[in-house]
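# Descriptive structure summary
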Amino acid sequence: MLLQVENLKTYFHTPRGIAKAVDGVSFSVEKGETRAIVGESGCGKSITALSLLQLVPEPAGYIESGRILFEGKDLLDRTWEQMREVRGDDISMIFQEPMTSLNPVYTVGWQIEETMRAHGKNAATARARALELLDRVGIKDPSGALRQYPHELSGGMRQRVMISIALANRPKLLVADEPTTALDVTVQAQILALIRELQKETGMAVLLITHDLGIVAEVADTVSVMYAGQVVEDAPTRELFKNPRHPYTRGLFASLPARNRRGQDLATLEGVVPDSAAWPKGCRFADRCKYAWESCHTIAPTFHPNGSDRPVRCHLYDPNISGRPSRLPWLTELPVTADLVEAAKL
Ligand SMILES: Nc1ncnc2c1ncn2[C@@H]1O[C@H](COP(=O)(O)OP(=O)(O)OP(=O)(O)O)[C@@H](O)[C@H]1O
Ligand SMILES: [Mg+2]
């Protein structure tokens with residue numbers, strides 16, 4: 001296993017008390033695997049990603065507990081200095097807004113090459129690879145681009161430069177937080193195709209954070225669905241699309257573009273994610289769940305009721321919870337499975 005995150009908790013001190021932004025997250029990524037993390041805004045996706053590289057905004061934010069095993073060793077045992085060797089080398093990250101992570105006062109070339117020099121490459125090697133990388137990410141005039149400053153580039157070009165930087169040292173794991181959200185659909189598709197291509201060549205694993213289930217269907221092998229600081233469902237992509245188990249996941253699917261399918265039986269997601277400084281006592285989704293009953297509001301569901309092969313954090317799957325219906329409530333509604341699979345072209 002390349003990456004194994006176990007019961008990660010990342011909290012913030014806030015005037016309202018301690019905000020439990022990431023509250024017991026577990027997932028793993030194998031070599032070459034693409035795992036997507038999906039969920040609505042504010043569910044803790046970015047804080048999970050930042051925690052991996054110990055880039056949680058200080059001093060308010062801190063990792064409370066958990067383990068982040070990378071090739072079997074816990075990254076949380078490392079000092080800040082030791083983490084610097086990991087960042088941009090074994091693990092690299094692409095952020096949503098490339099302008100904030102590129103330095104405006106240095107040329108593109110300097111920034112790509114510096115990433116490699118910082119990890120021991122000599123100047124000539126770094127220059128040659130920078131040219132190769134820019135060409136690889138589809139920049140027409142690589143040597144011209146080396147001399148340009150970030151503000152001289154379009155959003156799509158800046159994102160390509162960011163990818164060049166992220167890939168410069170051939171990372172084993174690329175963490176991409178909404179890497180294409182700011183881009184138009186065509187550029188978005190090109191960039192995703194590029195990441196996939198490079199991944200095939202190098203065996204790099206990808207942790208892709210997105211709220212776009214269309215992108216998940218296209219690129220991910222496995223999916224962690226996050227809600228309110230926790231993973232509520234973990235499944236191979238195809239299984240998730242064939243049979244979304246958590247009512248929250250089903251709600252997310254209802255917002256897929258293929259809305260014209262027969263039987264609009266999925267609940268659309270109404271309401272908002274609760275405040276991370278005051279998570280509800282029972283299921284965190286209960287207030288928005290059309291299937292919730294009394295136990296859902298009082299008892300917090302575990303992630304493995306039933307010792308399920310496909311973990312889901314929901315009382316509907318836990319035979320030990322009282323008041324549970326004898327069959328899944330949506331089984332009495334019109335089927336949607338074929339449509340979901342079809343819509344996602346899986
Ligand atoms: N600097 C901060 N101070 C206090 N709380 C914070 C801070 N940053 C994040 N949080 C808390 O962490 C929660 C999760 O934030 P995060 O950025 O991980 O969400 P996200 O899932 O990435 O959302 P989005 O889809 O909008 O990017 C927020 O709802 C907020 O409660
Ligand atoms: Mg985010």
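About the cut-offs
- Residues numbered from 1 in each chain as written.
- Chains lettered and ligands numbered in written order.
- Predicted model: local features only at pLDDT ≥ 70, side-chain atom pairs only at ≥ 80, totals over all residues.
- Helix = DSSP H or I, 4+ residues; strand = E, 2+ residues; numbered from the N terminus.
- Buried ≥ 20, exposed ≤ 12 C-beta atoms within 10 Å, placed from the backbone.
- Contact = placed C-beta atoms within 7 Å.
- Core = buried A, V, L, I, M, F, W, Y, C linked by C-beta atoms within 7 Å.
- Domains from an automatic or database assignment.
- Axes fitted to C-alpha atoms, helices over the stretch in contact; angles between N-to-C directions.
- Parallel < 35°, antiparallel > 145°, perpendicular 65-115°, else oblique.
- Left-handed = near helix turned anticlockwise from the far one by under 90°.
- Nonpolar A, V, L, I, M, F, W, Y, C, P; charged D, E, K, R; others polar.
- pLDDT = per-residue confidence, 0-100.
- Pairing = 2+ DSSP bridges.

### Some words on the overall build of the chain
The helix and strand tally for the chain stands at 13 helices and 10 strands. When the backbone C-alpha atoms are referred to their principal axes, the chain occupies close to 70 × 45 × 35 Å. Burial statistics for the chain: of 346 residues in total, 41% are counted as buried. Taking the intrachain contacts of the chain between residues at least 6 apart in sequence as the baseline, contacts between residues at least 24 apart amount to 63%.

### Some points on the nonpolar core
V38, L173 and V175 are the most contacted members of the largest nonpolar core, which totals 87 residues. If you tally residues by element for this core, the top one is helix α7 (residues 155-167), at 7 residues. If you count residues domain by domain, this core takes at least three from each of domain 1 (100-170) and domain 2 (247-343). With sequence-adjacent residues up to four places away left out, L173 is seen in contact with L2, L3, V29, D90, I91, M204, A205 and L207.

### Thoughts on the environment of V105
Here V105 is to be found in the loop between α3 (98-101) and α4 (108-117). On a C-alpha basis, the gap between V105 and F241 in space is 45 Å, while along the polypeptide they are 136 residues apart.

### Focus on unusual backbone geometry
Geometrically, the link from E58 to P59 is a cis peptide bond, its omega value of 0° lying close to zero. Summarising the element assignment, P59 is placed in the loop between α1 (45-52) and β4 (61-70). In this structure, N7 is a non-glycine residue whose phi angle is positive, near 50°. With respect to the helices, strands and loops of the structure, N7 is situated in strand β1 (residues 3-14). Although it is not a glycine, Q54 sits at a positive phi angle of roughly 55°. Note that Q54 resides in the loop between α1 and β4. Given 19 C-beta atoms within 10 Å, Q54 falls into the partly exposed group.

### Thoughts on the packing of α4 against helix α5 (residues 123-136)
In the contact formed by α4 and α5, the axes pass within 9 Å of each other and the chain directions differ by 125°. Taken as axis vectors, α4 and α5 run oblique relative to one another. Here α4 and α5 pass one another in a crossing that is right-handed. Here G109, I112, E113, M116 and R117 of α4 come into contact with α5, specifically with A123, A126, R127, R129, A130 and L133. For the contact of α4 with α5, the class distribution of residues is 6 nonpolar, 1 polar and 4 charged.

### Notes on the confidence of the model for the chain
Chain-level pLDDT for the chain is 89 on average; 90% of the residues reach the 70-or-more range. Throughout residues 259-267 the model reports pLDDT below 50, and contacts reaching past four residues in sequence, or to other chains, amount to 20 contacts.

### Side note on the environment of M83
Counting through the fold element by element, M83 comes out in helix α2 (residues 80-86). C-alpha of M83 to C-alpha of L52: the two residues are 31 residues apart in sequence and 10.0 Å apart in space. For M83, the contacting residues outside a window of four places in its chain are L53, Q54, L75 and R78.

### Observations regarding α4
Of all 10 residues in α4, 7 are buried; the element is thus mostly enclosed. When we look at burial in α4, the residues that qualify are V108, G109, Q111, I112, E113, T115 and M116. The inward-facing, buried residues of α4 abut α5, α6 (142-146) and α7.

### Description of the sheet that holds β1
With antiparallel pairing, 4 strands are arranged side by side in an open sheet as β2-β1-β4-β5. Each having just a single partner strand, β2 (17-29) and β5 (73-74) make up the two edges of the open sheet. Across 8 bridges, β1 lies against β4 in antiparallel orientation. Considered in β4, the bridge of L3 is made with F70. In this fold α1 packs onto β1, β2 and β4, with an angle of close to 70° to the strand it touches most, β2.

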